[in-house]
Structures are given as structure tokens and as C-alpha cells.
Amino acid sequence: MFATYLIGLREGLEATLVVSILVAFLVKSQRRDRLPQVWVGVGLAVALSVLFGWLIEYTSTSLLARSEDRELFEAVTSVAAVVFVTWMIFWMRRAARTIAGELRGKLSEALAVGSLAVAGMAFLAVVREGLETALIFYSAAQSATGGTGSGPLLALIGGIATAVGIGFLLYRSAVRINLSTFFTWTGALLILVAAGILKYGVHDFQEAGVLPGLNDLAFDITGVLDPNTWYAALLAGMFNVTAAPSVLETVAWVAYAVPVLVLFLRRPATPAKPTPAPTAADGHTTTATDGPTATATADGDAAAAQDGPATAQPAGSRRV
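So, how was this worked out
Residues numbered from 1 in each chain as written. Predicted model: local features only at pLDDT ≥ 70, side-chain atom pairs only at ≥ 80, totals over all residues. Heavy atoms only, no water. Helix = DSSP H or I, 4+ residues; strand = E, 2+ residues; numbered from the N terminus. Buried < 20%, exposed > 50% of the residue type's maximum accessible area, 1.4 Å probe, protein only. Contact = heavy atoms within 4.5 Å. pLDDT = per-residue confidence, 0-100. Core = buried A, V, L, I, M, F, W, Y, C linked by side-chain atoms within 4.5 Å.

Novice: Go over the overall build of the protein chain, please, and point to the residues and values.
Specialist: For the protein chain, the helix and strand inventory stands at nine helices and two strands. Taken from N to C terminus, the helices and strands of the protein chain fall in the order α-α-α-α-α-α-α-α-α-β-β. Considering the protein chain as a whole, with its 320 residues, one finds that 41% of them fall into the buried category. In the protein chain, the proportion of contacts linking residues at least 24 apart, taken out of those at least 6 apart, comes to 77%.

Spelled out as C-alpha cells, the structure:
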């Protein structure tokens, strides 16, 4: 259930940050009259996400009669969820520095168009997170429990509720967190969760007869990792680590988790700092600061960032 809680927390916080940026921009721009349109867009996005999640579950349990068809459907949704998770974590790492400015620009354009454009902009900003959450949750719940019990759903709701609470506190300036560190740690954990979902998808493909080797075990450590113990259940529920996986399941887990983790945790190259040069006026050198910063600000611009050299002033000079 921790995996589904993590999914709800991560996706929920991204959506909450987006909404907080939009609301803060309208409040600071003295356009509170457009707030109802934002909430209408957010509400429609949440409703569509819930409908999408229900449609996936209904298709799996009611529309597909043969067990082979259900296994194939779950396998396809698992692979799709892995693709979305991978894209989401890398996109968030790249876009976190500019998302606030981009959202402000789009909202300014929507304000010039009208109320429907504002609602549509808020809808599009949130619905992507909601649809991803529904798909990833379904696959993670199937991987962890085989779709039984209400535990995964409660864990997802708990994660979303936690995210909403954190987002509200950020907006009200009650807390400050290092968003870069948060998204790095949760991104790494989600990569391991996605590796488990992919492993489950491969298992479903094998049960559906699409892939061979269902009974070809890579290893069997049930004597060490008893499936009936709490820690075995925890590993299986979080990362789908099992005591007796097939060869193809193991290959899929390792082939995804190792390279994706390396690429995600690798620090991006930083540009070289400019060499100080003497000024023509008095021979003094100029200094510049270079380095990205990312902070959660008091008015809800939680993903805002600055990156670039500061304005240089000659040392010892004075304003006239």
C-alpha cells in the first residue's frame, strides 16, 4: 500500500502546486473574480480522472469475460503506466524550474480570452495529473494485491490528502520544503515502483500466453524470503520483489530499474562560470553569481526558480 500512497502523494502534490500557482497569480493580479472558473476547471479534471479510473476497472472486471483477456488488458495497462511514470518523473525534473512562469503566461493569455479559457486552462493543467494517477494507481494496485481489497484505494486517498495539506501549508507559508530534494527522492522510489509494475506486466503477458517462460524461474529463495512474512509482503507490495520470479520478470525489472535510476540520479552538467574580467573604467574586476535555486515561496509559487548570472557591478563603485 505504500506504493499507492507514494503515487497519490507525488501526483497529488504536482497537481496541488499547479493549482496554488494559478490561484496565487489571480490573487496577486487582483483577479479574484476568475477564481470560480479555476475551481470549475479543477473539479471537471478530478471528475474526468475518477471516471477514467472507473472505466479501467469496469473494463477489466465486467467487459472482459475470458481470464486471458483480463491478463492481457492488465499487462497493457501496466506497460502504459510505466511509460507515464518514466515520462512524468523526467519531465518534472526538467520543468520544475520554469513551470511557474509558464503557467502564469498561459493564464495571462486565458484571462485575455475569457472565463471559459480560464476554466479550460485550469482543467488541462490538472487533468494530466489525474489521468496519470488513475492509470498508475490501477496498475500498482493490481501489482500489489491483484485488485483485491480497499487498502490500495485508501492509501491513494491518503497520499492525495497529504499532498493537498502540504500544498495548502505551502500556499499559506506555514512550511517550506526543498522541492528539488522531495522530487528526487520520490522520483527514485517511483522508478522502483515502476520496475515492479513492469515485472507484473511481464508476468501477465506470460499468463496470457503472449510471452513464454512462465515456469522458468530465475531463482527461488522462498526459504529465505518467506511470502507469508510481513517484510516479504512489504517488498512485494512496494516494488513487486518476489521470492520466485521467472527469468523474463527478473530481466525486465533489472533492465528497467538500473539504467533509468542511473539516468535520473545523474546530475545535469552545469555551465562553466565566466572568468572575471577587468573593467575599462578603473581596472576593478566584476563578479557574478551563477547557480540555480529553487524554493517554495510564501504566495504559492512553489515551483518558481531562478537560474542565471546576477547583474555585475564594479567593485568599489558607488551610485551617483
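Back to the write-up after that little detour.
Novice: Let's hear about unusual backbone geometry: which residues, and what values?
Specialist: We note that Gln30 has phi near 60°; this positive angle belongs to a residue other than glycine. In this fold, Gln30 is placed in the loop between α1 (2-28) and α2 (35-63). The phi angle at Asn240 is positive, at roughly 55°, despite the residue not being glycine.

Novice: Which residues make up the confidence of the model for the protein chain, and what values go with them?
Specialist: Scored by pLDDT, the protein chain comes out at a mean of 77, with 78% of its residues at no less than 70. Note on residues 279-320: pLDDT is under 50 here. Beyond four places in sequence and across chains, it has 83 contacts.

Novice: Can you lay out the nonpolar core for me, pointing to particular residues and giving the numbers?
Specialist: In terms of nonpolar packing, the biggest core is built from 36 residues, with Leu22, Leu103 and Leu107 touching the most fellow members. Sorting the residues of this core by element identifies α1, α2, α3 (67-95), α4 (99-113), α5 (115-145), α6 (151-171) and α7 (179-207) as the ones contributing at least two each. Per-element tally for this core: the top contributor is α1, with twelve residues.

Novice: Provide a residue-level description of helix α8 (residues 230-239), including the pertinent values.
Specialist: Those residues of α8 lying buried are Ala232, Gly237, Met238 and Phe239. Looking at the residues trailing α8, positive phi occurs at Asn240, about 55°.

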